[in-house]
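So you can see what is in the structure, the chains are spelled out below.
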Amino acid sequence: MSITSSKTPGAAPKIGLVSLGCPKALVDSERILTTLRAEGYSFSRDYQGSDIVIVNTCGFLDSAKAESLEAIGEALGENGRVIVTGCLGVEEKLIRDTHPSVLAITGPHQYEAVVEAVHAHLPPVPNRFVDLVPDAGLKLTPKHYAYLKISEGCNNRCSFCIIPQIRGDLASRPIASVLYEAERLVKQGVKEIMVISQDTSAYGLDIRYAASKFHGRDVEARFATLAEEMGKLGVWTRLHYVYPYPHVDAVIPLMAEGKVLPYLDIPFQHAAPNVLKAMKRPANHDKTLERIKAWRQIAPDLAIRSNFIVGFPGETEADFQLLLDWLDEAEIDRIGCFEYEPVTGAPANTLEGAVPAEVKAERYGRLMERAQAISTRVLAKKVGRTIDVLVDDVEPEDNRAIARSQWDAPEIDGNVVIDDADGIKPGDMVRVTVVDSDEYDLYAVPA
Ligand code: SF4
């Protein structure tokens, strides 16, 4: 066992690293060090000089496990602030039972998770000479909105999807790391944060909702807690890829109180029970229509966005008609639709009852027509209201600005077109009065 070191002048936070095990583990250690070094951390060759110690463990043989547990104990005894990673990390219970005071545990090849754990317990000190990237990381989105990924992978097994095969099971980020990232984004001037994952409402399930320290407080990695904490940041929080599990009910009052946007992106995919069953969709047994109605009693402004698949194997005309009626009754505000296509490796490929291409195309057209009618009806009710909108773009030649309301996510939903937009800039939050509407967009003037 050895403490890896690298001398760096200055007051950067110092990390000690104990690397055990095989060459693969060593490569992992190097990668962790490289990432942390690029972020301005420095390293210490002894326990006492380290602000935190990472122990990269081996768990291949029982003897290696014992050695790893011993190394964790030594680091705890000498330093006290220890993050465990590597192969033994998959045996979290064993580690926690033996050494309850370790700060965080991540598994093999989880570089990002280790680095996040370091951020959560030992935030990097900004240094304008070494920081090549801004605090919030490099973003491909405009300055005023950003996506915040809270987990990787998915525990569901929808029959048309191969994401779990590619990305693996749900792996949630520690909530402190998510919230610190959200805070950094806000400091950078971001005004709207889109929370994304494969299954946002399942957040924390895999880590048994483990609490982590956020500004000295223990915060649990739960969907509703995340929404509540995000609501304190003073920016728009938009929740994407939420499945209607019962615990989602807890975020609806936050929407009514204006803490998170009254917007849910729920990929329903269908409404007919036998199609949902063939799709193996999560939460397909819940009485969704009743739930949506109850949500709207609490948060009448709630907008629901959803995607649907038409022409799934076995979908009958009656199933499809049920879907159309369901859309009307649920009044799904924003609707996206795909014609079913087999994906290589997806279990649905073996299902019988393929729907002919021309039937799929015809159903697609009918669904989009229905979606347009619903959207037109919903948007017409907004005329006359005064609302806050976030400006994405300006068209000075027409004295117009293109903005979005709380009901519109960027790229996928509609716009609010503002006339008489003198002095309005991208990124501004503007109060406007809605004067007109069409199928997808609202038209407004400054209030
Ligand atoms: S479609 Fe289903 S299996 Fe695929 S990522 Fe979404 S919830 Fe998971």
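Residues numbered from 1 in each chain as written. Predicted model: local features only at pLDDT ≥ 70, side-chain atom pairs only at ≥ 80, totals over all residues.

(A) Inspection of the overall build of the chain at higher detail. Of regular secondary structure, the chain possesses 12 helices and 21 strands. Relative to the 2.2 N^0.38 estimate, which gives 22 Å for 447 residues, the radius of gyration of the chain is 25 Å and therefore close to what a compact globule would have. Principal axes of the C-alpha set define a box for the chain whose edges measure 70 × 60 × 35 Å. Every one of the 447 residues in the chain was classed for burial, and the buried ones make up 40%. Residue pairs at least 24 apart in sequence account for 71% of intrachain contacts in the chain once pairs closer than 6 positions are excluded. (Helix = DSSP H or I, 4+ residues; strand = E, 2+ residues; numbered from the N terminus. Rg over C-alpha atoms; globule rule 2.2 N^0.38 Å. Buried ≥ 20, exposed ≤ 12 C-beta atoms within 10 Å, placed from the backbone. Contact = placed C-beta atoms within 7 Å.)

(B) Structural detail: the nonpolar core. If you look at the biggest cluster of nonpolar residues, it comprises 119 residues, and the most contacted ones within it are Val55, Ile72, Val82, Ile83, Ile193 and Ile418. With residues up to four places along the chain from it excluded, the contact list for isoleucine 418 reads Arg400, Ala401, Ala403, Ile424, Val430, Val432, Ala444, Val445 and Pro446. (Core = buried A, V, L, I, M, F, W, Y, C linked by C-beta atoms within 7 Å.)

(C) Quick look at the site of the ligand. As a structural note, the neighbourhood of the ligand is formed by Cys154, Asn156, Arg157, Cys158, Cys161, Ile163, Pro164, Gln198, Asp199 and Pro282. The residue makeup of the shell around the ligand, split by class, is six nonpolar, two polar and two charged. (Near = placed C-beta within 6 Å. Nonpolar A, V, L, I, M, F, W, Y, C, P; charged D, E, K, R; others polar.)

(D) Region of the structure containing helix α4 (residues 111-121). Burial runs high along α4: eight of the 11 residues are buried. Within α4, the full set of buried residues consists of Ala113, Val114, Val115, Glu116, Ala117, Val118, Ala120 and His121.

(E) Molecular detail of the confidence of the model for the chain. Confidence along the chain averages 89 in pLDDT terms, with 92% of residues attaining 70 or more. Counting interchain partners and residues more than four positions distant, the pLDDT-below-50 stretch residues 1-10 has 20 contacts. A low-confidence stretch, residues 127-133 (pLDDT under 50), is modelled with six contacts involving residues beyond four sequence positions or located in other chains. (pLDDT = per-residue confidence, 0-100.)

(F) Structural context of the pairing of strand β5 (residues 82-86). Counting buried residues in β5 gives five out of five residues, a clear majority hidden from the surface. Because side chains alternate across β5, one face comprises the buried residues Val82, Val84 and Gly86, and the other comprises Ile83 and Thr85, equally buried. Relative to β5, strand β4 (residues 52-57) is paired through five bridges, and the arrangement is parallel. Directly across from asparagine 56, in β5, lies its bridge partner threonine 85. In this structure, β5 lies alongside strand β6 (residues 104-105), joined through two bridges in parallel fashion. The residue bridging isoleucine 83 from the neighbouring strand is alanine 104, located in β6. For the crossover from β5 across helix α3 (residues 92-98) to β6, the handedness is right-handed. (Pairing = 2+ DSSP bridges. Right-handed = clockwise from strand over helix to strand, strands pointing away.)

(G) Region of interest: the sheet that holds strand β20 (residues 429-437). Taken together, five strands build a closed barrel; the order of strands is β17-β18-β19-β21-β20 and the barrel is mixed. Strand-to-strand twist across the sheet, computed as the mean angle between neighbouring axes with direction ignored, equals 50°. Direction of pairing for strand β17 (residues 386-395) relative to strand β18 (residues 400-404): antiparallel, over a ladder of five bridges. Counterpart to valine 394 in the pairing with β18 is alanine 401. (Axes fitted to C-alpha atoms, helices over the stretch in contact; angles between N-to-C directions.)

(H) Representation of the domain arrangement of the chain. In terms of domain boundaries, the chain breaks down into domain 1 (3-121), domain 2 (145-380) and domain 3 (386-446). Computed over C-alpha atoms, the centres of domain 2 and domain 3 are 25 Å apart. Between domain 2 and domain 3, the residue contacts involve 20 residues of the former and 14 residues of the latter. Within the residue set of the side of domain 2 that touches domain 3, elements represented by two or more residues are β10 (192-196), β13 (236-239), β14 (263-265), β15 (303-310), β16 (334-339) and α12 (357-380). Element by element, the count of residues in the side of domain 2 that touches domain 3 is highest for α12, at five residues. Considered class by class, the residues forming the side of domain 2 that touches domain 3 number nine nonpolar, four polar and seven charged. (Domains from an automatic or database assignment.)

(I) Quick peek at helix α7 (residues 223-230). Buried within α7 we find Phe223, Leu226, Ala227, Glu229 and Met230. Seen from one end, α7 has its buried residues packed into an arc of 165°, which puts them on one side. Elements in contact with the buried residues of α7: α6 (175-187), β10, β12 (217-220), β13 and α8 (252-256). (Arc of directions from axis to C-beta.)

(J) Here's a closer look at the packing of α6 against α7. Two elements in contact, α6 and α7, have axes whose closest approach is 11 Å; the angle formed by their N-to-C orientations is 25°. Classified by the angle their axes make, α6 and α7 are roughly parallel. Crossing of α6 over α7 shows right-handed handedness. Judged by residue contacts, Ile175, Val178, Leu179 and Ala182 of α6 engage Thr225, Leu226, Glu229 and Met230 from α7. Tallied by class, the residues present in the contact of α6 with α7 amount to six nonpolar, one polar and one charged. (Parallel < 35°, antiparallel > 145°, perpendicular 65-115°, else oblique. Left-handed = near helix turned anticlockwise from the far one by under 90°.)

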